[in-house]
Amino acid sequence: MLRNVLLFGDEILRRKAAEISAITPEVRRLAADMLETMYYHDGLGLAAPQVGVPLRLFVMDVPREGHDKLVCINPVVGERGPMRRMDEGCLSFPGVTGTVARAAEVTIEFTDLSGARRSRKVAGVTAQAVQHELDHLDGVLFVDRLSVARKAVLAAKLRAVRQRGRRGEHR
Ligand code: ZN
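The following refers to the structure shown.

Rules used in this analysis
- Residues numbered from 1 in each chain as written.
- Predicted model: local features only at pLDDT ≥ 70, side-chain atom pairs only at ≥ 80, totals over all residues.
- Heavy atoms only, no water.
- Donors = N, O, S within 2.8 Å, 3.2 Å for Na, K, Ca; no water.
- Helix = DSSP H or I, 4+ residues; strand = E, 2+ residues; numbered from the N terminus.
- Pairing = 2+ DSSP bridges.
- Axes fitted to C-alpha atoms, helices over the stretch in contact; angles between N-to-C directions.
- Contact = heavy atoms within 4.5 Å.
- Salt bridge = Lys/Arg side-chain N within 4 Å of Asp/Glu carboxyl O.
- Expected span 1.5 Å × (residues − 1).
- Buried < 20%, exposed > 50% of the residue type's maximum accessible area, 1.4 Å probe, protein only.
- Core = buried A, V, L, I, M, F, W, Y, C linked by side-chain atoms within 4.5 Å.

**Here we look at the coordination of the zinc ion**
The zinc ion binds to the protein through C90 (SG), H132 (NE2) and H136 (NE2), with metal-donor distances spanning 2.0 to 2.2 Å. Positions of the donor residues of the zinc ion, expressed as sequence spacing, correspond to C-x41-H-x3-H. Within this pair, whereas C90 is found in the loop between β4 (83–89) and β5 (97–103), its partner H132 is found in helix α2 (residues 124–137), the two being separated by 42 residues in sequence.

Written out as structure tokens, the structure is:
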């Protein structure tokens, strides 16, 4: 089932998400719905707070890097590689993009839907997406990491999205 994707301006996006204590049928349903919603919008990743559920779960799939479909529950990042600047966007910010400095490689640890704890080393766009989605779980949004100059360029667009988000509009 498709879920609504909240827009920048909705206060749920700023909350710190809570740990998931058990893989219940509701958690499985949430993950399946989030994957469906992510594919529908051609996104590379989607975090639970973006569909209005403040839990530590995100899904991702980076087609360019071999369709590595992941459901990550209670994820944490271990080792981080050197920083690189990369272009970025977000489903909660229609029409907004900018360059963000991210680690080019990260090791991520997470629980999968079977309840097993896994560890994986990722690089490139997958590493970028992991860091972007992890930020969502702490209420951090990619625009927080844009340069002052870029934010100034985007000011009108950001204001327009925020107004829609505050009114509870979604995509
Ligand atoms: Zn995002």
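**Describing the sheet that holds strand β1 (residues 45–47)**
Read from one edge of the open sheet, five strands run β1-β2-β3-β6-β7, paired in antiparallel fashion. For this open sheet the edge positions go to β1 and β7 (117–123), each flanked by a neighbour on one side alone. Ignoring strand direction, the axes of neighbouring strands in this sheet form an average angle of 40°. Examined bridge by bridge, strand β2 (residues 57–60) and strand β3 (residues 70–80) share four bridges and lie antiparallel to one another. Across the sheet, M60 pairs through a bridge with L70, a residue of β3. Along the sheet face, helix α1 (residues 25–40) touches β1, β2 and β3 and points at about 40° away from the line of β2.

**A word on the pattern of salt bridges**
All told, the structure shown has 14 salt bridges when counted by the stated rule. Residue R14 is joined to D144 by a salt bridge in which the shortest nitrogen-to-oxygen separation is 2.7 Å. Of this pair, R14 sits in the segment before α1 while D144 sits in the loop between α2 and α3 (148–166), and the two are 130 residues apart along the sequence. The shortest N-O distance in the salt bridge between E88 and R102 comes to 2.6 Å. On the criterion of sequence distance, the pair formed by E88 in strand β4 and R102 in strand β5 is long-range, its members being 14 residues apart. A single salt-bridge network, built from bridges that share partners, covers E88, R102, D135 and R145.

**Things to note about α1**
The first and last C-alpha atoms of α1 sit 22 Å apart over 16 residues, in line with the 22 Å expected at 1.5 Å per residue. Within α1 the residues assigned to the buried category are V27, L30, A31, D33, M34, L35, T37 and M38. Taken together, the buried residues of α1 touch β1, β2 and β3. Where α1 terminates, the next one or two residues include D42, which has phi positive at roughly 60°.

**Things to note about the nonpolar core**
Counting residues in hydrophobic clusters, the biggest one holds 18 residues, and the most contacted among them are F58, M60, C72, V106, I108 and V130. Of all the secondary-structure elements, those providing two or more residues to this core are β2, β3, β6 (105–111) and α2. The leading source of residues in this core is α2, at six residues. With residues near it in sequence (within four places) discarded, F58 still touches M34, L46, A47, L70, V71, C72, P75, I108, V130, E133, L134 and L137. Core analysis: the next-biggest nonpolar cluster, separate from the first, contains 17 residues, V27, A48, V53 and L57 among them.

**So, the environment of D135**
Mapped onto the secondary structure, D135 falls in helix α2. Sequence-wise, D135 and R84 are 51 residues apart; in three dimensions their C-alpha atoms are separated by 17 Å.

Function cannot be read off these values alone, since they describe shape.
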